[in-house]
Amino acid sequence: MLYLVPTPIGNLADITLRALEVLRSVDLIACEDTRHSRVLLTHYGIKKPTISYHNYNERTRTAQLIDRMHAGERVALITDAGAPGLSDPGFFLVRQCHADGIPVEALPGPTALIPALTASGLPCDRFVFEGFLPARKGRRKRLVQLSAETRTLVFYEGPHRLARTLADLAQTLGGGRPAAVARELTKKFEEMRGGTLEELATHYASQASVRGEAVIIVGPAS
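This text gives an overview of the structure that appears in the document. (Residues numbered from 1 in each chain as written. Predicted model: local features only at pLDDT ≥ 70, side-chain atom pairs only at ≥ 80, totals over all residues. Heavy atoms only, no water.)

### Structural notes on unusual backbone geometry
Phase 1 of the analysis: Of note, the phi angle at Ser87 is positive, near 60 degrees, even though the residue is not glycine.
Phase 2 of the analysis: Looking at the element boundaries, Ser87 is found in the loop between strand 4 (75-78) and helix 4 (91-99).
Phase 3 of the analysis: Positive phi values are uncommon outside glycine, yet Thr186 reaches one of about 70 degrees.
Phase 4 of the analysis: Its location among the elements puts Thr186 in the loop between strand 8 (178-183) and strand 9 (191-196). (Helix = DSSP H or I, 4+ residues; strand = E, 2+ residues; numbered from the N terminus.)

Structure representation (structure tokens):
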């Protein structure tokens, strides 16, 4: 049995009671980064064996986890923050579980996507989640394809590429397009900043440094 367990994106209090129950009951916890996850597990007094499962070892590690689940073990998969498989490792393991007839149970819980979208003030009845844009190859093509999208667009971006991505969005989608940036959600320095793409690109380009993962929300094409 595989459990997909969302973990807090910042505030440790955001984990669900059911998530804690599952983490305490499984035989093994697969973590994107075992050192990072140890903070959460220690905070809640969870003493279970852990194993790393990330983008660089997921294929070899998947085979090991599948064997252990076939042997009767129950495995929980967690990432550094948010829901496994959503711009984080998890898809490959889930697909293999389905192929091998191993049950998969996904728990609801924390994710940066929904809080950012609903707090942005932009239409959230219909939206497209794009995750991280390609860093280089295919980036321009993807943006051109999205330029006429009539649903709200949602992207993830790291702090070091935030200003560049906002500038690329402004250039391709139009600098006057309404948008918002949600950064450091649920943490001490949480920020929600709205404006046009051009205004946001200018603001973040002027910052000496930007910390924390960001969610970019872009209003639909009119």
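The structure having been displayed, the exposition proceeds.
### Here we look at the pairing of strand 10 (residues 214-218)
Phase 1 of the analysis: Within strand 10, five of the five residues are buried, which leaves it mostly tucked inside the rest of the structure.
Phase 2 of the analysis: The alternating pattern of strand 10 places Ala214, Ile216 and Val218 on one face and Val215 and Ile217 on the opposite face, and all of these are buried.
Phase 3 of the analysis: Pairing between strand 8 and strand 10: five bridges, direction antiparallel. Directly across from Arg183, in strand 10, lies its bridge partner Ala214. (Buried < 20%, exposed > 50% of the residue type's maximum accessible area, 1.4 Å probe, protein only. Pairing = 2+ DSSP bridges.)

### A word on the sheet that holds strand 8
Phase 1 of the analysis: Read across the sheet, five strands follow the order 6-7-10-8-9 without closing on themselves; strand pairing throughout is mixed. Strands at the two margins of the open sheet, each flanked by one partner only, are strand 6 (127-132) and strand 9. Across this sheet, the average inter-strand angle for adjacent strands is 15 degrees, counted without regard to direction.
Phase 2 of the analysis: Pairing between strand 8 and strand 9: six bridges, direction antiparallel. Residue Val181 lies in a different strand from strand 9, and its bridge partner there is Arg193.
Phase 3 of the analysis: Against the sheet, helix 7 (residues 162-173) contacts strand 7 (152-157), strand 8 and strand 10, and its axis sits at roughly 10 degrees relative to strand 10.
Phase 4 of the analysis: On the sheet, helix 8 (residues 197-205) packs against strand 8, strand 9 and strand 10 and is oriented at approximately 130 degrees with respect to strand 9. (Axes fitted to C-alpha atoms, helices over the stretch in contact; angles between N-to-C directions. Contact = heavy atoms within 4.5 Å.)

So yeah, pure geometry; function would need other evidence.
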